[in-house]
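# Reading the structure
Here are the chains, one letter per residue:
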Amino acid sequence: MSTSQPEASRSSGDLCTPDEVLHARTGTDVSPEDVVLAAGRDITPRNLEWAKRKIETEGPAALDKLLP
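Let me sum up the structure you'll find in this document. (Residues numbered from 1 in each chain as written. Predicted model: local features only at pLDDT ≥ 70, side-chain atom pairs only at ≥ 80, totals over all residues. Heavy atoms only, no water.)

### Regarding helix H4 (residues 45-58)
Owing to its 3.6 residues per turn, the α-helix aligns residues three or four sequence positions apart on the same side. Basically, it comes down to this: Only DSSP runs of H or I with at least four residues qualify as helices, and only runs of E with at least two residues qualify as strands; both kinds are numbered from the N terminus onward. Every helix has an expected span of 1.5 Å times one less than the residues it contains. Per-residue accessibility, obtained with a 1.4 Å probe over protein chains only, is compared with the maximum for each type, and a residue is labelled buried under 20%, exposed over 50%, and partly exposed between these values. In this context, the arc is that of the directions from the helix axis out to the C-beta atoms. Contacts: residue pairs with any heavy atoms within 4.5 Å of one another.
Between its first and last C-alpha atoms H4 spans 20 Å; for 14 residues at 1.5 Å apiece the expected length is 20 Å, and the two agree. Within H4, burial applies to Asn47, Leu48, Ala51, Lys54 and Ile55. Looking straight down H4, one finds that the buried residues subtend no more than 120 degrees of arc, so they occupy a single side. Looking at H4, the residues exposed on the side facing more than 90 degrees away from the buried face are Pro45, Arg46, Glu56 and Thr57. Against the buried residues of H4 lie helix H3 (32-38) and helix H5 (61-66). After H4 finishes, the residue Gly59 shows a positive phi value of roughly 70 degrees.

What follows is the structure in structure tokens.
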């Protein structure tokens, strides 16, 4: 049984879309809870403080950087 290799079926002209183009927000503010959940962490006081600091330094992009 052979395994599928999607990369092998692509033409050499196909390029990946950069992450910054794929992410979209609805215009709402980014909350510390959003960042904690996007990071796959539990909502705890410690993680909320981490998320607040991340938002302060990176702005709304903090959430975009965590999303696939």
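### Quick word on the environment of Lys54
Within the element layout of this structure, Lys54 appears in helix H4. Taking the C-alpha atoms as reference points, Lys54 and Pro32, 22 residues apart in sequence, are found 8.6 Å from one another. Those residues in contact with Lys54 that sit more than four places away from it in its chain are Val35, Gly59, Ala62 and Leu66.

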